[in-house]
Structure formats: C-alpha cells, structure tokens
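Observations on the three-dimensional arrangement
As a plain string of letters, each chain reads:
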Amino acid sequence: MEDIQIVQFYWDRDERAIPATADKYGNYCTAIAKNILGIPEDAEECVNDTYMRAWNSMPPHRPNVLSAFLGKITRNVSLNRYKQNTADKRGGGEVPAVLEEIAELVSDTDSVEQEVDRRELVKAIDAFLDRLPTEKRSLFLCRYWYFDSVSDLASRFGMTENHVSVTLNRPRRKLHNDLLERGFDL
C-alpha cells in the first residue's frame, strides 16, 4: 500500500490506518525500538505507542515521508522509555554505547536560553552530514540516529566491526572539530 493512502486513512479517521501502518512499517519501527531498548516487550509497547501518536497527530499534521515520521516518533517514544527504564535501574540496548561515543559532541549545560544555539547546531550537523560520502553518512545515521549496533552495521555494510568503528570514529572527530571551529561549546 502506498504511503499517501495510509496517510489518507489517518486523515479520514479510518481504522484501517493502524493495520496498514503495522504491515508496512512494523518491522522498521520495531527495529528502532529494539536497538534503543534491548527489551522486546518494551519495544513492542513503544511501537504500539507510535501508532497511537501517529493517529493523534494526523490530522492536523500530514507527513511528507511517512517512514521518517514514524521513525522519529518511535525513536522519541523509545528514548523516553529508556530514560524511564534506567531510572528504575533497568534497560539495555545500544543507547549507553552510542551516548558514550557522542558524549563529546553534546553539551551538558543545555537550557531554554540555548534553543537558538541548538537550532544552529542542528543546521551545522546537517551541513556536515551532507558533505560526507554516502556510505559514511549512512553508517553515521544508522549508528547515531537509529542506534544500530556495530555488529549489525558490519554485517549490513560488509565490513569488520573494527572497520565500522574506525569509519565512525573519523567523521565523529571531524564533526567535533568542525563544531568547535564554528564556536559551539561542547
């Protein structure tokens, strides 16, 4: 089924929207949630929450790219669940490793006053990613947006785990230096 038709189901408040979404994007959303949480039951709940949030946000929102829209919702729901789980001394998944790898890129002093700086940071990161070769950009996004494990990336891209780690380390360092040169406090 085409995304336009699925989105129209949401807009028409047609209950076929949820099964159509699950059929087309269920595995995609589940993979994102499992990468973040590492707990299949929590991942399943987050995917169900994704469908509910999609239902509640359409209308008024009409996403241009349904997969990205659902992926972002799943990621946010899963990260919120991860925070809840780790507050309870539970959790797993790829989040600790990914956050440790990019810790040098994130300021721990963010406040409301820094929203403008945050937006500029997003623009700078987007520009940096646009300059990366396709494979490196794909690796970077899969690791730091979708929280894919290094072993999964190695398998998917036909590399050794060490090669993936080295390939991720170089652009991460370049991004760090690029952001410092642009005056961002890291």
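Please refer to the structure placed before this passage.
This report concerns the structure included in the present document. (Residues numbered from 1 in each chain as written. Predicted model: local features only at pLDDT ≥ 70, side-chain atom pairs only at ≥ 80, totals over all residues. Heavy atoms only, no water.)

**Some words on unusual backbone geometry**
- Residues M58 and P59 are joined by a peptide bond in cis, for which omega reads -20°.
- Checked against the element boundaries, P59 lands in the loop between α3 (40-57) and α4 (66-87).
- The peptide bond linking P59 to P60 adopts the cis configuration, its omega dihedral lying at 15°.
- Secondary-structure assignment places P60 in the loop between α3 and α4.
- Positive phi, close to 60°, is recorded for R13, a residue that is not glycine.
- Tracing the sequence through the fold places R13 in the loop between α1 (3-11) and α2 (17-37).
- You will see that F147, though not glycine, has its phi angle at about 60°, which is positive.
- As for its placement among the helices and strands, F147 is situated in the loop between α7 (134-144) and α8 (150-157).
- Judged by relative accessible area, F147 falls into the buried class, the value being 2%. (Helix = DSSP H or I, 4+ residues; strand = E, 2+ residues; numbered from the N terminus. Buried < 20%, exposed > 50% of the residue type's maximum accessible area, 1.4 Å probe, protein only.)

**Here we look at the side chain of T21**
- Mapped onto the elements, T21 comes out in helix α2.
- Judged by its relative accessible area of 0%, T21 is buried.
- Beyond its immediate stretch of four places on either side in the chain, T21 contacts I6, Y10, G26, Y51 and L70. (Contact = heavy atoms within 4.5 Å.)

**Structural notes on the packing of aromatic side chains**
- This model, assessed by the stated rule, comprises four aromatic pairs.
- One aromatic cluster in this structure is built from Y25, Y28 and Y146.
- Over the aromatic face of W11 sits the side chain of R62, whose NZ or CZ is 4.1 Å from the ring centroid.
- Positioned above the aromatic ring of W145, the side-chain terminus of R75 is 3.8 Å from the ring centre. (Phe/Tyr/Trp six-rings, centres within 6.5 Å; stacked < 30°, edge-to-face > 60°. Lys NZ or Arg CZ within 6 Å of the ring centre and 35° of its normal.)

**What about the nonpolar core?**
- In terms of nonpolar packing, the biggest core is built from 46 residues, with L66 and V164 touching the most fellow members.
- Of all the secondary structure elements, the ones that give two or more residues to this core are α1, α2, α3, α4, α6 (115-131), α7, α8 and α9 (161-181).
- In terms of residues, this core owes the most to one element, α2, which gives eight residues.
- Not counting residues up to four positions away in its chain, the partners in contact with V164 are L139, V150, L153, A154 and M159. (Core = buried A, V, L, I, M, F, W, Y, C linked by side-chain atoms within 4.5 Å.)

Keep in mind these values describe shape, not function.
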